[in-house]
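Each chain, written out:
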Amino acid sequence: MRAFTYERAESPAAAAAAVARNPEARFIAGGTNLLDLMKLEIEAPRHLVDVNRLGLDRIEETPEGGLRIGALVRNTDLAADPRVRRDYAVLSRALVAGASGQLRNKATTAGNLLQRTRCPYFYDPAMPCNKRRPGSGCGAIGGFSRNLGILGTSEHCIATHPSDMAVAMRALDAVVETIDAEGAARRIPIADFHTLPGDTPEIETVLRHGEFITAVTLPPPAGGIHLYRKVRDRASYAFASVSVAAVVHPGQGASGGGIASARLAFGGVAHKPWRVAEAEDRLADGGDAEAAAEAVLRGARPTGQNAYKLPLLRRTLAGVLAQARQGRGEDR
Amino acid sequence: MIDDAHAAPRRQAPGSAMTSEASMAAGSAAAPRLDLRLTVNGKERSLRLDPRVTLLDALREHLRLTGSKKGCDHGQCGACTVLVNGRRINACLTLAVMHEGDSVTTIEGLGTPEALHPMQAAFVRHDGFQCGYCTPGQICSSVAVLEEIRAGIPSHVTEDLERIEFGEAELRERMSGNICRCAAYPNIIEAIREVQEQGA
């Protein structure tokens, strides 16, 4: 691990300022992903700003009736919060589908959003990777790509975002709150928070250097049936091949399809949680799971090794919607 | 007292992998060391450490508590699992300096050879290990798992988020962050079940 200096921030604005003034500084919260990468020298910050003791570990109700989740709330605490279990079950389910008990005790809400891809070429410093070393090429395209992206990829990068939590937050229309070094606050809808790789795969979010996440807010409860289904190589402690976060209101809908409305977000398939409005519109108009999946998968560019994700996504979505129609899942 | 001042130089076996600290010394110029106070197994300890030292290396290399094991050093195997302020974490994936004032419990703090913790005794009784390398992490994790179930923290296999049904499926899911390459899993599960039933 490269040497770095360390400081403990006194306030969110001071944390933002400390990172903003040093281009090689980084925030450290849970550290479970950053330290993993620092040991491999994939990340090599020269200065770490510890943001663990800023009092951002509370979950509060908003005036609108939603929840404001402090950036430092641990994944375990978020999943177990009685209000989250009751009103946002899809988020609890997504959280406990990820990582291990030890990691969830340390990993934070903001850190989870900012975790890096687990693409094997990003993790291997001996291999080319445009995300790790811009311009070096992509080892994954034409390489071992079994678990990589099929949607929104580019000729420079086919990495996926590894988070389960973020997929549920995308279905719930969460908003990321930040503060910058000048103390200016900004609210970023999660739809706009993560970026596609394009020709700058090293850029993964719209955050500027030194911009600090203070909280993630959830809108008032949407009701409906909440489901998170994750398909992976092992029964536990593995990243998603495909995952679906669904909030479904069963009903007659426009033409008796059994679904009045649905919000669907997908993980394991793209550089960001994937959500397609047309897929949801088709379901509300009486379309079936296949019609919705067709809209989700429009423009998919799988590799030879990960083309299996197309039928896997169709079937996973069909299974989730069948469950929702039967009222199985968390009824909120 | 600064414990680190008493650290004896360690010999490097020929051809062996460098310790994390030897590789640090070989790397770029070190940052100033930082003072740290924490409570380990009920005792107050003071350390002066390079900020790169993980909690695991602080325990093993500086405090000579070698019960917590280094397996993968990347949070994948669980051999380094310790309890910090009562919660299980991977000691390899956190910096010691981030734990100023925290209370750490390692396998050495759970019980002693003369007075084993009930979970330690159950692992012995049920043969919940073979080579033993993962065992300290398995035991620390198991103790925390029973607390997590008691606290109502749901898991991936919990059917009803409001009510956890104790059973083998819950234990297997909750222990998935602790790998045992000897595959002593069935006996580990039996040991944890016994402790849970005794405590129920």
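Residues numbered from 1 in each chain as written. Chains lettered and ligands numbered in written order. Predicted model: local features only at pLDDT ≥ 70, side-chain atom pairs only at ≥ 80, totals over all residues. Heavy atoms only, no water.

Considerations on the side chain of Gln323 of chain A
All names here are of chain A.
- Its location among the elements puts Gln323 in helix H12 (residues 309-325).
- We classify Gln323 as buried; its relative accessible area is 15%.
- Apart from the residues lying within four places of it in its own chain, the contact partners of Gln323 are Leu227, Arg229 and Arg328. (Helix = DSSP H or I, 4+ residues; strand = E, 2+ residues; numbered from the N terminus. Buried < 20%, exposed > 50% of the residue type's maximum accessible area, 1.4 Å probe, protein only. Contact = heavy atoms within 4.5 Å.)

Examining the interface of chain B and chain A
- With 44 residues of chain B in contact, the opposing surface of chain A contributes 44 residues.
- Approximately 3500 Å² of surface area, both sides summed, lies buried where chain B meets chain A, with 53% of it carried by carbon and sulfur atoms.
- Three residues stand out in chain B for area buried against chain A, namely Leu93, Met98 and Leu161 of chain B, and they jointly supply 20% of the buried area on that side.
- Where chain B touches chain A, the interface holds three salt bridges.
- Note that Arg87 of chain B is salt-bridged to Asp77 of chain A, the shortest N-O span being 3.1 Å.
- Of all the secondary structure elements, the ones that give two or more residues to the side of chain B that touches chain A are strand S4 (87-90) and helix H5 (135-150) of chain B.
- The dominant element in the side of chain B that touches chain A, judged by the number of residues it contributes, is S4 of chain B, at four residues.
- Of the residues that constitute the side of chain B that touches chain A, the class distribution is 15 nonpolar, 18 polar and 11 charged. (Buried area = accessible area lost by both parts, 1.4 Å probe. Salt bridge = Lys/Arg side-chain N within 4 Å of Asp/Glu carboxyl O. Nonpolar A, V, L, I, M, F, W, Y, C, P; charged D, E, K, R; others polar.)

Re the packing of aromatic side chains
All names here are of chain A.
- In total, this model carries two aromatic pairs over all chains according to the counting rule given.
- A centroid spacing of 4.9 Å and a plane angle of 45° characterise the contact between Phe27 and Phe212, whose relative ring orientation is tilted. On the criterion of sequence distance, the pair formed by Phe27 in strand S2 (residues 25-28) and Phe212 in strand S8 (residues 212-218) is long-range, its members being 185 residues apart.
- For the ring pair Phe122 and Tyr123, a centre distance of 6.0 Å and an interplane angle of 75° mean the geometry is edge-to-face.
- Overall, the relative accessible area of 1% leaves Phe122 in the buried class. (Phe/Tyr/Trp six-rings, centres within 6.5 Å; stacked < 30°, edge-to-face > 60°.)

Quick look at the domain arrangement of chain B
Residues and elements named next belong to chain B.
- You can read the domains of chain B as domain 1 (19-110) and domain 2 (118-199).
- Each of domain 1 and domain 2 has a C-alpha centre, and these two points are 24 Å apart.
- Each partner contributes residues to the interface: domain 1 has 15 residues there, and domain 2 has 15 residues.
- Buried area between domain 1 and domain 2, both sides added, is near 1300 Å², and the carbon and sulfur share of it is 58%.
- For the domain 1 face of the interface with domain 2, the top three residues by lost area are Arg88, Ile107 and Leu110, together amounting to 44%. (Domains from an automatic or database assignment.)

Some words on the pattern of salt bridges
- Enumeration over the complete set of coordinates arrives at 38 salt bridges over all chains.
- Residue Arg53 of chain A pairs with Asp102 of chain B through a salt bridge whose shortest N-O separation is 3.9 Å. Of this pair, Arg53 of chain A sits in the loop between strand S3 (47-50) and strand S4 (59-61) while Asp102 of chain B is found in the loop between S4 and strand S5 (103-105), placing the two residues in two different chains.
- Its relative accessible area of 39% is what places Arg53 of chain A among the partly exposed residues.
- Its relative accessible area of 11% is what places Asp102 of chain B among the buried residues.
- Connected through salt bridges with shared partners, the residues Arg26, Glu43, Arg116, Lys131 and Glu204 of chain A form a single ionic network.

What about the sheet that holds strand S1 (residues 5-8) of chain A?
Residues and elements named next belong to chain A.
- The sheet built from three strands is open, its strands ordered S1-S3-S2 with parallel pairing. Each edge of the open sheet carries a strand with a single partner, namely S1 and S2. When the angles between neighbouring strand axes are averaged without regard to direction, this sheet yields 25°.
- Note: S2 against S3, four bridges, orientation parallel. Note on S3: the bridge partner recorded for Ile28 is Asp50.
- Along the sheet face, helix H1 (residues 12-20) touches S1, S2 and S3 and points at about 150° away from the line of S2. (Pairing = 2+ DSSP bridges. Axes fitted to C-alpha atoms, helices over the stretch in contact; angles between N-to-C directions.)

Observations concerning H1 of chain A
- Turning to H1 of chain A, its buried residues are Ala15, Ala16, Ala17, Ala18 and Val19 of chain A.
- At its buried positions, H1 of chain A is contacted by S1, S2, S3, strand S6 (175-179) and S8 of chain A.

What to know about the packing of H5 of chain B against helix H7 (residues 185-199) of chain B
All names here are of chain B.
- Orientation of H5 relative to H7, taken along the N-to-C sense of each, is 40°, at an axis distance of 11 Å. Classified by the angle their axes make, H5 and H7 are oblique. Where H5 crosses over H7, the handedness of that crossing is right-handed. Every residue of H7 that contacts H5 at Gln138, Ser142 and Leu146 is listed here: Ile188, Ile192, Val195 and Gln196.
- The residue makeup of the contact of H5 with H7, split by class, is four nonpolar, three polar and no charged. (Parallel < 35°, antiparallel > 145°, perpendicular 65-115°, else oblique. Left-handed = near helix turned anticlockwise from the far one by under 90°.)

Here's the deal with H12 of chain A
All names here are of chain A.
- With 17 residues, H12 extends 24 Å from end C-alpha to end C-alpha; this agrees with the ideal 24 Å at 1.5 Å per step.
- Residues Lys309, Leu310, Leu313, Thr316, Leu317, Gly319, Val320, Leu321, Gln323 and Ala324 constitute the buried set of H12.
- Where the residues of H12 are buried, they touch strand S9 (225-231), strand S10 (242-250), strand S11 (259-267), helix H10 (277-284) and helix H11 (289-296).
- Positioned one or two residues after H12, Gly327 has a phi angle of 75°, which is positive. (Expected span 1.5 Å × (residues − 1).)

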